[in-house]
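Here are the chains, one letter per residue:
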Amino acid sequence: MNCVFCDIAAGRRQAAIVYEDEQVVAFHDINPQAPVHVLVIPRAHIPGPLAVEAPHEALAGHMLAVAGQVAQELGIASDGYRLVLNQGTMGGQSVFHLHLHLLGGRRMRWPPG
Ligand code: 5GP
Ligand code: ZN
């Protein structure tokens, strides 16, 4: 399967990794939309948020916990940050491997565009 995030998780594609363990990898987005823009992905290929099912619940929770830990380490936790999951074309998803966006370092607007 041709998947850029599987390639990053497997070390076949370079990425600026900030955290990794057996379950997840976190790395800087190649086209950052904020001063801090990190993606947290599962090593397993899950196509997107809609494909997250009961067996993935612990993994999904771990992704949230890792995002918080990375936010602390990158110094954006106390000011606040945004977590985003895009699903499908109308949701703005462009890479069809589940990824949690961690955005911070500037004031976020609401509603999102
Ligand atoms: P989506 O639009 O699917 O929610 O987010 C995909 C994100 O992945 C985008 O922000 C895009 O910049 C990022 N991205 C796509 N390809 C690569 C890559 O090869 N390396 C890194 N680090 N980020 C990527
Ligand atoms: Zn993948």
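Preceding this paragraph is the structure being described.
Note on numbering: residues in each chain are counted from 1, in written sequence order. Here chains are named by letter from A upward and ligands by number from 1 upward, in the order in which they appear as written. Two thresholds apply to this predicted model, a pLDDT of at least 70 for residue-level local features and 80 or more for giving and counting side-chain atom pairs, whereas whole-chain, interface and lining totals are computed over all residues. With hydrogens and water stripped out, all remaining heavy atoms of the structure feed into the side-chain values.

Peer 1: Looking at this structure, I do not really get the coordination of the zinc ion (ligand 2). What am I missing?
Peer 2: Reference values for angles at a metal are 109.5 degrees in the four-donor tetrahedral case and 90 or 180 degrees in the six-donor octahedral case. Coordination of the zinc ion (ligand 2) by the protein comes from Cys 3 (SG), Cys 6 (SG), His 45 (ND1) and His 97 (ND1), over a distance range of 2.0 to 2.3 Å. Think of the donor list as every N, O and S atom within 2.8 Å of the metal, or within 3.2 Å for Na, K and Ca; water never makes the list, so a site can look incomplete. Irregular is the default label, applied whenever a site is not tetrahedral (four donors, all angles between 85 and 135 degrees) and neither square planar nor octahedral (four or six donors, opposite donors over 155 degrees apart, all other angles between 65 and 115). Coordination at the zinc ion (ligand 2) comes from four donor atoms whose angles at the metal span 104 to 117°, giving a geometry best classed as tetrahedral. Along the chain, the residues donating to the zinc ion (ligand 2) fall in the pattern C-x2-C-x38-H-x51-H. In this pair, Cys 6 sits in helix α1 (residues 4–9) while His 45 sits in the loop between β3 (36–42) and α2 (57–73), placing the two residues 39 residues apart along the sequence. Elements are defined by DSSP. Helices are runs of H or I of four residues or more, strands are runs of E of two residues or more, and each kind is numbered from the N terminus.

Peer 1: Would you take a moment to explain the packing of aromatic side chains for this structure?
Peer 2: Note on aromatic contacts: the rings of Phe and Tyr and the six-membered ring of Trp form a pair at centre separations within 6.5 Å, being stacked when their planes are under 30 degrees apart, edge-to-face when over 60 apart, and tilted otherwise. Going through the model one piece at a time under the given rule, you end up with one aromatic pair. On the numbers, 5.5 Å between centres and 75° between planes, the contact of Phe 5 with Phe 27 is edge-to-face. With Phe 5 in helix α1 and Phe 27 in strand β2 (residues 24–28), this pair connects stretches of sequence that are 22 residues apart.

Peer 1: Got a minute to help me understand a nonpolar patch on the surface in this structure?
Peer 2: Patch construction takes residues with relative accessible area above 30% that form no salt bridge. Like charges are linked within 9 Å, and nonpolar side chains (Val, Leu, Ile, Met, Phe, Trp, Tyr) are linked within 5 Å. For accessible areas, the Shrake-Rupley method is used with a probe of radius 1.4 Å. Any residue's cover is judged against the shown protein chains and nothing else. A pairing counts as a salt bridge when a side-chain nitrogen of Lys or Arg comes within 4 Å of a carboxyl oxygen of Asp or Glu. Among the surface-exposed residues, Leu 64, Tyr 81 and Leu 83 lie close enough to one another that they form a single nonpolar patch of about 250 Å² accessible area. With respect to the helices and strands, the residue Leu 83 is situated in strand β4 (residues 81–84). Only protein chains enter the accessibility calculation, which uses a 1.4 Å probe; a residue whose area is less than 20% of its type maximum is buried, one above 50% is exposed, and one in between is partly exposed. By relative accessible area, Leu 83 is classed as partly exposed at 32%.

Shape is all these values report; function is a separate question.
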